[in-house]
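# Tertiary structure, described
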Amino acid sequence: MNVRRGLRVLIAEDETIVRLDLRTLIEDQGLVVCGEARDGLEAVELARELQPDVALIDIGMPGLDGIEACRRICAERPMPIVMLTGHSERELVDSAIEAGAFSYLVKPFRGTDVVPALRAAAVRHGELLSARRAIGAQPLRVHVSERSA
Amino acid sequence: VRILIAEDETLIRLDLRAMLEGGGFDVCAEARNGVEAVELARQHEPDLAILDVKMPELDGIEAARQIIGDRAIPIVIVSAYGEDELVKRAVEVGVFGYLTKPFREDALGPAIRTACARHRDLGALREEAESLAEALAARKAIERAKGLLMAKEGLSEDAAYEKLRTASQMSGRPMRMIAEAVEAVLG
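Residues numbered from 1 in each chain as written. Chains lettered and ligands numbered in written order. Predicted model: local features only at pLDDT ≥ 70, side-chain atom pairs only at ≥ 80, totals over all residues. Heavy atoms only, no water.

## As for the environment of Arg 104 of chain B
As for its placement among the helices and strands, Arg 104 of chain B is situated in the loop between strand 5 (97–100) and helix 5 (105–153). According to the relative accessible area criterion, Arg 104 of chain B is buried, its value standing at 19%. The spacing of Arg 104 of chain B and Arg 139 of chain B is 35 residues in sequence and 52 Å in space, taken between C-alpha atoms. Look past the residues within four positions of Arg 104 of chain B in its chain and what remains in contact with it is Val 106, Lys 107, Pro 108, Phe 109 and Arg 110 of chain A together with Met 19 of chain B. (Helix = DSSP H or I, 4+ residues; strand = E, 2+ residues; numbered from the N terminus. Buried < 20%, exposed > 50% of the residue type's maximum accessible area, 1.4 Å probe, protein only. Contact = heavy atoms within 4.5 Å.)

In C-alpha cells, the structure reads:
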C-alpha cells in the first residue's frame, strides 16, 4: 500500500466531541475520514459498505462494543484496526489483540499519536495481506505441462 | 518480552527503563545512539526495540532499517515530533508503532503487546509462504525429473517416481536434489 495516498479512515466513537476531534486531526494530516459510526453495529455496517483502508474504533460503545465490532469486521474482511480506549489493562489489550486489532491507543490520546498509529497499521497490515495472498496463491498441484518446462 | 531501548538523553532513558520494568518487561540493552542500537540488537537479539528518532551518529529510523535488515523484530519509534514526513519514513522502514514523547506509562504496554502480536502473525505467514514456495519448487523439480525419466528411459510414471525415491533414500539426500541431478544429466 502506498503511504503517500490519502488513507480512507472509518471512525467509530460514541462521544460526538471526541469523534469530531478525531476527524479534525486525521483530516489535518491529509487522510480522508470516509465514515463515522456512533456504535459497534454501525461500525460493522460502515466497514462493509465503505471498505475503508483502516479503522479507528473506540472500545466502550453502546450496543456492540469495539472489540466485538473489530472481531466481526476482521471476520468479514481482514483490515487494520486501531483500538481506542480509556483502559490499558492487560486483559483488555489481550482481547483486542485476539479480536485482530493492530494497535491500541489509550485515552486521553495525544493528537500526535493517532495518525502514526493509523499509518503504521495500514502499511503493516498490507504486508500481512500480501503474505497471506502468497500462501493462498500457491497451486496445490503441478500441472502436467510443467513437467517438461 | 526482552526489549532494547535506544535514547540519547540519559534521564529519559532511565525513565523509560523504569516504566518498562514497572510494566513487567525486561530491558535487555540500552543504546545511546543509533549505531550502538544496531550493534546491541545484533548482540542481544531482543524481542522488540524502542528507538528514539533523534539520536546522534545514526537516527532512530535509519537504525530501525538496519536492525530489521539484520533480523526482523517489531520496532516502536518514540519521538518528540509527530511530523508526518518522519512518520511516513518510519512506516516505510517497517516500524510497528510510533509514539510521541513524553512517554505515558499506560500507552507503552499496549503498543508493545500489539506490535509483538501482529509481528508474530507476519513472521508466521512469511515463514509459511516460504516453506510453501520451497515445497512447490521441490514438487516441480520432481515432476520434471519424472517426465524426463519417462521420456528418455521409457519408465512408467510410478516407476520413475520410485527410481527417484530410491535414489533419495540410498543417498540420504532430499528428492529435490536427486530430481535436479536427473534434470542436469537428462534435461
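## Thoughts on the interface of chain A and chain B
The interface of chain A with chain B comprises 39 residues on the first partner and 39 residues on the second. Counting each side, the surface lost to burial between chain A and chain B is near 3700 Å², with a carbon and sulfur contribution of 59%. For the pair chain A and chain B, the number of links is 11 residue pairs in polar contact (both at pLDDT 80 or more). At the level of secondary structure, the elements contributing two or more residues to the side of chain A that touches chain B comprise helix 4 (90–99), strand 5 (103–106) and helix 5 (111–136) of chain A. (Buried area = accessible area lost by both parts, 1.4 Å probe. Polar contact = N/O pair within 3.5 Å; in protein donor to acceptor, adjacent residues only side chain to side chain.)

## With respect to the packing of aromatic side chains
Scanning the entire structure with this criterion turns up 1 aromatic pair over all chains. Centroid distance Phe 102 of chain A to Phe 96 of chain B: 6.5 Å. Interplanar angle 10°. Geometry classified as stacked. With one member in each of two chains, Phe 102 of chain A in the loop between helix 4 and strand 5 and Phe 96 of chain B in the loop between helix 4 (84–93) and strand 5 form a pair that bridges those chains. Taking relative accessible area as the criterion, Phe 102 of chain A reaches 4% and is therefore assigned buried. On the accessibility criterion, Phe 96 of chain B (8% relative accessible area) is buried. (Phe/Tyr/Trp six-rings, centres within 6.5 Å; stacked < 30°, edge-to-face > 60°.)

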